[in-house]
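Given next are the chains, with one letter for each unit.
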Amino acid sequence: MKKKIAATLISLLTITSVFAGCGSSADSSSSEAASTETASVSEAEGSEESAAESTSVTSDELGEDAEYDEEVNIMVIIKTSSSEVGQYLTKGATSYEEAHPNVHVDVFGATSETAYDEQLNSIETTINSGKYDALCLAPLQSDAAATMLANCDIPVISFDTVISDDVVETHVGVGNTEAAKAGAIAAVEAAKEAGWDEINCIEIAGVQGDPTNEARMEGYKEGINEAGGTFLEDEIQYADAVADRAVNCMESIMSKYPEGVAIICCNNDDMAIGAAKAAAQNEAYADTIFLGFDGMSSAAEVIVNGTVNNYLSVACEWTEMTYKAVDCAIRAIKGEELPGTVNTSFEIMDSSNAQERLDYMNSLLD
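Thresholds applied
- Residues numbered from 1 in each chain as written.
- Predicted model: local features only at pLDDT ≥ 70, side-chain atom pairs only at ≥ 80, totals over all residues.
- Heavy atoms only, no water.
- Helix = DSSP H or I, 4+ residues; strand = E, 2+ residues; numbered from the N terminus.
- Expected span 1.5 Å × (residues − 1).
- Buried < 20%, exposed > 50% of the residue type's maximum accessible area, 1.4 Å probe, protein only.
- Polar contact = N/O pair within 3.5 Å; in protein donor to acceptor, adjacent residues only side chain to side chain.
- 1 Å grid on protein atoms, 1.4 Å probe; cavity = no way out; pocket = protein on both sides within 12 Å on 5 of 7 lines; lining within 4 Å.
- Points joined across faces, edges and corners; volume = space filled by probe spheres on them.
- Nonpolar A, V, L, I, M, F, W, Y, C, P; charged D, E, K, R; others polar.
- Pairing = 2+ DSSP bridges.
- Right-handed = clockwise from strand over helix to strand, strands pointing away.
- Contact = heavy atoms within 4.5 Å.
- Axes fitted to C-alpha atoms, helices over the stretch in contact; angles between N-to-C directions.
- Disulfide = S-S within 2.5 Å.

Draft legend 1. Representation of helix 7 (residues 211-226). For helix 7, built from 16 residues, the straight-helix expectation of 22 Å at 1.5 Å per residue is met to within 8% by its first-to-last C-alpha distance of 22 Å. Residues of helix 7 that are buried include every one of T212, N213, A215, R216, M217, G219, Y220, K221, G223 and I224, and no others. The backbone nitrogen of T212 lies 3.2 Å from a side-chain oxygen of the residue at the head of helix 7, namely D210. Looking one or two residues past helix 7, G228 carries a phi angle of roughly 110°, positive in sign.

Draft legend 2. Broad picture of unusual backbone geometry. Positive phi is not limited to glycine here, since D160 has a value of about 70°. Along the chain, the position of D160 falls in the loop between strand 7 (156-159) and strand 8 (170-173). Judged by relative accessible area, which is 7%, D160 ranks as buried. A positive phi angle, close to 55°, is found at N310, a residue other than glycine. Judged by its relative accessible area of 31%, N310 falls in the partly exposed class.

Draft legend 3. Focus on empty space enclosed by the protein. Going through the model one piece at a time under the given rule, you end up with two cavities of 30 Å³ or more. Estimates place the volume of the largest cavity at around 40 Å³. Contributing to the lining of the largest cavity are K79, E113, Y116, L140, V207 and D210. Along the lines of polarity and charge, the residues of the lining of the largest cavity split into three nonpolar, no polar and three charged. When its volume is computed, the second largest cavity comes out at roughly 30 Å³. Lining the second largest cavity are Y88, C316, E317, W318, T319, R357, Y360, M361 and L364. Counting only elements with at least two residues in the lining of the second largest cavity, the list comes to helix 11 (318-334) and helix 12 (354-364). Sorting elements by how many residues they give to the lining of the second largest cavity places helix 12 first, with four residues. Partitioned by chemical class, the residues of the lining of the second largest cavity number six nonpolar, one polar and two charged.

Draft legend 4. Spotlight on the layout of surface pockets. Size it by volume and the largest pocket reaches roughly 430 Å³. Along the wall of the largest pocket there are 29 residues; nearest its centre are T80, S83, E113, A241 and N268. Those elements giving two or more residues to the lining of the largest pocket turn out to be strand 4 (72-80), helix 3 (84-99) and helix 7. The dominant element in the lining of the largest pocket, judged by the number of residues it contributes, is helix 3, at four residues. A class-by-class count of the residues in the lining of the largest pocket yields nine nonpolar, 11 polar and nine charged.

Draft legend 5. Quick look at the pairing of strand 5 (residues 103-110). Looking at chain direction, strand 4 and strand 5 are connected through eight bridges and run parallel. The partner of N73 across the bridge, within strand 5, is H104. With helix 3 bridging strand 4 and its parallel neighbour strand 5, the resulting β-α-β unit is right-handed.

Draft legend 6. Region of the structure containing the environment of F108. Topologically, F108 is positioned in strand 5. Classification of F108 as partly exposed rests on a relative accessible area of 27%. Sequence-wise, F108 and T90 are 18 residues apart; in three dimensions their C-alpha atoms are separated by 8.6 Å. Contacts of F108, omitting those with residues within four sequence positions, involve M75, V76, I77, I78, E118 and S122.

Draft legend 7. The arrangement of the pairing of strand 16 (residues 345-349) in detail. Most of strand 16 is tucked away, with five of its five residues classed as buried. Side chains S345, E347 and M349 project from strand 16 onto one buried face, and the interleaved F346 and I348 project onto a second face that is buried too. Strand direction decides the pairing type here: strand 14 (residues 311-316) and strand 16, joined by four bridges, are antiparallel. Its bridge partner lying in strand 16, A315 is registered against E347.

Draft legend 8. Seen up close, the sheet that holds strand 5. What the seven strands build is an open sheet, ordered 3-15-8-7-6-4-5; its pairing is parallel. With one partner strand each, in any of the chains shown, strand 3 (56-58) and strand 5 form the two edges of the open sheet. Strand-to-strand, the axes of this sheet are offset by a mean angle of 20°, without reference to chain direction. Pairing between strand 3 and strand 15 (residues 341-343): three bridges, direction parallel. Its bridge partner being in strand 15, V57 is matched across the sheet by V342. Sheet contacts for helix 11: strand 4, strand 5, strand 6 (134-137), strand 7, strand 8 and strand 15; angle to strand 4, the most-contacted strand, approximately 145°.

Draft legend 9. View of the state of the cysteines. Under the definition given, this model contains zero disulfides. Between C249, a cysteine without a disulfide, and C266, which holds the nearest cysteine sulfur, the sulfur-to-sulfur distance is 8.6 Å. Distance from the sulfur of C265, which forms no disulfide, to the nearest cysteine sulfur (C201) is 3.5 Å.

Draft legend 10. Structural detail: the environment of V342. Tracing the backbone shows V342 in strand 15. Separated by 287 residues in the primary sequence, V342 and T55 have C-alpha atoms spaced 8.8 Å apart. When near neighbours in sequence (up to four residues on either side) are disregarded, V342 contacts V57, T58, S59, L62, T170, H171, V172, G173 and C328.

Purely spatial values, then, with no claim about function.
If you want it as structure tokens, here you go:
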């Protein structure tokens with residue numbers, strides 16, 4: 001709460017002045033998973049932590065929706081509207097609008113996860129329009145977003161990917177490091193069951209330098225190594241979160257490792273599915289464990305239909321993320337003090353729960 005604390009001190013010293021700003025938040029926290037049961041994030045992620053004094057709560061602990069009767073306009077900027085994740089994030093935000101007629105929500109997503117200028121322009125437009133009472137933002141570039149938000153005069157809530165705690169009221173999201181770690185541990189166990197003696201893991205990563213990508217990478221590395229496998233850090237390949245590039249990366253891996261690799265982990269399900277399909281006709285990779293992240297319906301389908309063997313995914317509650325982000329925006333507008341982080345839940349999706357997950361995800365978009 002750095003800006004709020006600063007404002008209080010200045011007010012006490014000068015009596016007449018009030019420091020205006022966007023508030024603050026701690027970064028993304030971690031969560032602990034138990035088997036495939038839904039788990040919530042509870043400890044601050046080392047790679048994303050920036051305020052030791054911050055507090056964190058689960059979505060349930062935040063309580064019922066904020067009560068606010070005045071008309072209010074909220075802008076929600078997601079990373080991209082071209083992904084399945086974007087559809088669920090949009091649904092979560094608009095669901096809040098449906099439940100609260102006085103809350104008006106607009107959603108914008110860039111054309112891709114590397115359309116940085118497009119997102120920055122949308123942030124600038126939101127700030128300067130004078131139309132919106134608060135902004136909920138999943139940044140493509142956290143540092144650039146923080147610079148642009150430094151002097152904004154509406155509350156900002158980050159979600160999915162953290163932004164500097166100097167410029168946001170709170171962060172809403174899954175703890176990417178611990179969620180990825182839970183998935184990696186599950187993947188090592190699956191590799192053991194599949195008969196692998198040497199459990200090596202190669203990651204096909206997302207956008208290099210992206211905080212979410214880096215947090216997931218750290219979680220994968222920790223989980224693989226701690227569970228008895230070996231994370232081949234020198235073999236990491238970046239695919240910019242795009243399935244087509246993941247296919248190219250997988251082809252390169254198969255060429256270099258013709259004998260097979262126990263685990264291929266990816267930054268999202270699109271890449272993991274693309275990599276798995278690229279390896280489908282290679283007998284050396286018949287027992288490879290493919291680990292994705294997001295828990296998309298497309299991932300559930302390949303498990304249910306048997307299109308891809310040995311597939312796992314870290315499944316996030318995306319609609320919960322934006323629903324709670326908008327609720328936190330309302331609370332900030334009301335002047336409520338918010339925790340540093342609001343932790344949303346995840347589960348490990350595999351053949352035991354993929355059908356249930358698929359039914360649930362499909363129901364969200366009906």
